[in-house]
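Fold and contact review
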Amino acid sequence: MIVLDREHKIFTLHTQNTTYQMKADQYNVLLHTYYGSRIDHFDLSGLIQCGNRSFSPNPNEAGRSRDYSLDVMPQEYSTCGVGDFRLPSIELELPGGSHTADLRYAGFHLEKGKTTPEGLPGFHGGEDEAETLVIFLKDSAAQVTVELYYGVFESFDLITRAVRVVNHGAETVRLCRCASLCLDFLQSDLDMITFNGHHLTERCPDRGSLRPGIQSVGSVRGISSHQHNPFVMLCGRDADEDTGICYGAMLLYSGNFEAAAECSQYENSRLVMGIHPYHFCWTLEPGGTFTAPEAALVCSPNGFGEMSRQYHRAIRKHLLRDPYSGRRKPILVNNWEATYFDFTADRLVEIAREAAALGIELFVMDDGWFGSRNDDNRGLGDWQVNLEKLPGGLEALVPRIQELGMKFGIWMEPEMVNEDSSLYRAHPDWVLHVPGRSPSRGRGQLVLDFSRRDVRDSIYDQMKKILSSADISYLKWDMNRSLTDVWSASLPAHRQGEVFHRYVLGVYDLLERLHRDYPHILIEGCCGGGGRFDGGMLYYTPQIWCSDDTDAIDRLRIQYGTSFCYPVCTMGAHVSAVPNEQNGRITPLETRGITAMSGAFGYEMDLGKCTAEEKRKIRCQVERYKAYSDLIHNGDYYRLSSPFSDSTYTAWEQVSPDRRQALVSVVQGCTNAAPPFYTLRLKGLNPAFQYQTDLDDALYSGASLMNAGYPLPQMQGDYLAFQIFLKAVE
Ligand code: GLA
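Keep in mind that what you see is a predicted model, and the values were worked out from it rather than measured.

Cut-offs and rules
- Residues numbered from 1 in each chain as written.
- Predicted model: local features only at pLDDT ≥ 70, side-chain atom pairs only at ≥ 80, totals over all residues.
- Heavy atoms only, no water.
- Helix = DSSP H or I, 4+ residues; strand = E, 2+ residues; numbered from the N terminus.
- Rg over C-alpha atoms; globule rule 2.2 N^0.38 Å.
- Buried < 20%, exposed > 50% of the residue type's maximum accessible area, 1.4 Å probe, protein only.
- Contact = heavy atoms within 4.5 Å.
- Lys, Arg positive; Asp, Glu negative; His and termini not counted.
- Charge placed at Lys NZ, Arg CZ, Asp CG, Glu CD.
- Pairing = 2+ DSSP bridges.
- Axes fitted to C-alpha atoms, helices over the stretch in contact; angles between N-to-C directions.
- Polar contact = N/O pair within 3.5 Å; in protein donor to acceptor, adjacent residues only side chain to side chain.
- Phe/Tyr/Trp six-rings, centres within 6.5 Å; stacked < 30°, edge-to-face > 60°.
- Lys NZ or Arg CZ within 6 Å of the ring centre and 35° of its normal.

1. Overview of the overall build of the protein
- Scanning the protein from N- to C-terminus turns up twelve helices and 37 strands.
- For a compact globule of 730 residues, the expected C-alpha radius of gyration is about 27 Å, and the protein comes in at 27 Å, within 12% of that figure.
- For the protein, with 730 residues in total, the buried portion stands at 62%.
- Across the protein, every contact between residues at least 6 apart in sequence was considered, and the portion connecting residues at least 24 apart equals 69%.
- Across the protein, the mean location of the 70 positive side-chain charges is 1 Å away from that of the 93 negative side-chain charges.

Right under this line is the structure:
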C-alpha cells in the first residue's frame, strides 16, 4: 500500500511486514526517512537530526545556517559534487565539463500494477497485485530529470527500484554513473553479506561488519560473474536465520555491476547498487533517456530465512516466465559429461533409451552437434548440424528421441565465435576487439559484438532455422567466457562507454525474441555453470545451470548460498557419475539424487553404464521426485543447517503453503566412529498439527518437532543422505 501525504511530501510504502518512507524536505531534497519493520502512518523524518558539521558544506538555499548539509542527511538517491561526499548514485558530466548532479523533488505519479522497464528484465504484476510510485527529481541547472520508480508487492515484502534519466536540455549530457538503488541508514552497526566464489564454486556467503569507508563487490567481466553475485544483504549484527532485521538487495542485471556499502564519518551507512561505473558512460543527446536496470529489495524483520522465502515466492510468481508455470517440468538427461564432444546419433539415442526406461522425460543434446565442433577450439558461430555426426540432421534425430516418449532439447552458445569457423572467416570484424590489439581468447573463443543489431540478427536467423527445424522443447543458452577488448566498430569513440551495457541489452533482446517466437521452449541459462546466475537472466531463462561442479557435496554449499535469494526451481541440478568429474569424490547415488532433487532436476551421465541395482535406485529417485516436485518447488524453503559452519550434516526442508506436508533432506558429512546422537529441529510446521513421518512411521506434534527436534538416525559411511516426508494427520 502506498500512502501519500501531499501536504508534507511524505511517501510511505507499506508491505505486509515492512515500511519504507521518503520525504521531500524544505529544500526539496528527497530524504530517506525509514526502512524496516512495519510502522503505521507516521512522519519518521524526526529521526534525522541536524547540526553544524565542519567540512560538510551547506547548500546555497540554507543561507547563513550551517546546520544543514547533504553530506550527513540520509538521501533517497545520492548526488555528487554539490555537498554529499559519500557514495554517489548518479554522476553527470555537463556540457561545460563539470561532474555534478543536484537533484530536487519535482512531483510524483502513482499507478496501479507494475510493468517491466523497456528492454530490461523486471518484476511484473497486475493491477490488483502491485502498485507503482514514480518520483520525479530535477536538476534545474543541468535540465536533467531523474525518475525514481518504486514497485510495491505488498504480500511479498518486495519493493522494486528502477531509475530513468531524461535530458531535457538543448545540449548533450554524459551519464558517468547511474545506480539503480541507494539505501541510507542512520546507523552503521550492520553486517554485509556477499556471495562469492569462482568457476566451479559459486555464491559462497561471506559476512563481515561494515567498517569505516567503502566496501564493495562487483564485476567488470561483462557478466554478473562466478566471482560475486549481484545479490547482497545488510543485516543487524545479531541477525541469523530466524531472528533480527535483514535487507536483501538484488540487481536484475547480467553484466558489470557494483554493490558498495559505505560507513561514513558520523556512523551512518549507505548501500549503492547498479551498473559498475568502470567503462560506463552514456551520452544523452537532447531528449535522450537512459534506464538503469531494476533492483529489488526485501526487508525481513525475522531473519534471513523469511527474507529468502519472500524472494522465492516473488520470483516464482512475478519474475519467472516459465512455459511450465503451474506444471511439473520434465526430468532431463544431458549427454555432456557422458560423451563430451565424442558422440554419434546412435550413441545419443542409446543414452535417451536408457533414460526413458527409467522415467526420464527430456533428452538434452549438449555441445558438439554443429559445424566442425569436435573440440572446444572450433565451430562456435556455425549453427548448422554436423551431418557426419548426425546424418539427416535434427529432422532425423528428434523423431527417434520422441519415439522413446521423450522431449528433445538442444545446447547453443549464441554470443560466441571460434576463429576456426565460417562465421569468423566471413566476419572477423563482428567480434569485440580494440583496433590495433589482438583480442584475448577465453576457452579458445572470441565474443561476438552483441551490441550490434546486424550481428544479433544474423545469429538469430541461424538459431531460428535450427529451432524451427524440429520439435524442440528446451534450449540451454550457454556463455563461456568473460568479456575483454570491449570496443564496438559500430560506435564512435565518445560512445564506447556504452558497449558493455549495450551488449547486455543485446543479449536480452535476443532472449526476448526467443520468448516471442518460441513461447513453448523452456530456456535454461548457463555461463560455465553459474557465472550469470542473476535476476536479469531469470526473467528470460526460468532456470539456470547452477554450477559446472556436479559433486553432491560441493553442490550443498553452492545451492545453500544460491538459496539466499533464488528459489530452488531456478537451480539446474543433475545427478552425475562417480568419481565426480570435477573433484574425483565418490558419493552414494542416493546422496547425489537428494541434492539434485532440490533443484531443476536431471541426470548428466551415461545411464547405460549403471548396474541393475543403480538403475532400480534411479527409477525410485525419479518416482520420488515426481511425487514431491510440487512440494519441493512451490513449498517454503527452510535452511536447517549451514554446510559452511556444520560439517556433521547439512539439512534443509520444504514445507507446503498449508503446512500439512514437509520434506526434510539430510546429507551427512565425513563420518567418525561412535558419533553423538543428534536431534534436528524442524521449522515452519504448524505447532498444533500432528505429523506422521515415513522414516519411522511415528507421530510427532509440530511443536515438538520444532522445539525438541527429530531424532536423526545414525548411519555408517561418508556422505550418506536421507529424506523424511512428514504429513499432517487429522
Ligand atoms: C559449459 C557448460 C557445460 C557444458 C559445456 C559445453 O562449460 O557449463 O554444462 O554445456 O559448456 O561446452
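2. Re the sheet that holds strand E8 (residues 144-153)
- Taken in spatial order, the nine strands make up an open sheet running E6-E7-E8-E9-E19-E15-E14-E11-E12, and their pairing is antiparallel. Two strands close off the open sheet at either side, each with one partner strand: strand E6 (104-112) and strand E12 (201-209). Neighbour to neighbour, the strand axes of the sheet diverge by 20 degrees on average, direction disregarded.
- Here seven bridges tie strand E11 (residues 190-198) to E12, and the two strands are oriented antiparallel to one another. Within E12, the position partnered with Ile-193 by the bridge is Arg-207.
- Against the sheet, helix H9 (residues 552-562) makes contact with E11 and E12, and its axis sits at roughly 60 degrees relative to E12, the strand it touches most.

3. Details of the side chain of Asn-334
- The topology assignment puts Asn-334 in strand E20 (residues 332-334).
- Looking at Asn-334, its side chain comes within polar contact range of the main-chain nitrogen of Trp-336, at 2.6 Å.
- Setting aside its immediate chain neighbours within four residues, Asn-334 contacts Val-364, Asp-366, Lys-476, His-574, Tyr-603, Glu-604 and Met-605.

4. Some thoughts on the packing of aromatic side chains
- Tallied over the full model, the rule gives 36 aromatic pairs.
- Arranged with centres 6.3 Å apart and planes meeting at 40 degrees, the rings of Phe-363 and Phe-408 form a pair that is tilted. Residue Phe-363 is located in strand E21 (residues 362-365), and its partner Phe-408 is located in strand E22 (residues 407-412); the two are separated by 45 residues in the primary sequence.
- Taking 5.1 Å as the distance between ring centres and 55 degrees as the angle between the ring planes, the aromatic pair formed by Phe-533 and Tyr-566 counts as tilted. Residue Phe-533 is located in the loop between strand E26 (522-525) and helix H8 (535-540), and its partner Tyr-566 is located in the loop between H9 and strand E28 (571-576); the two are separated by 33 residues in the primary sequence. Residue Phe-533 shares its accessibility class with Tyr-566, and that shared class is buried.
- Directly above the aromatic system of Phe-564 lies the positively charged group of Arg-639, at a separation of 3.7 Å from the ring centroid.

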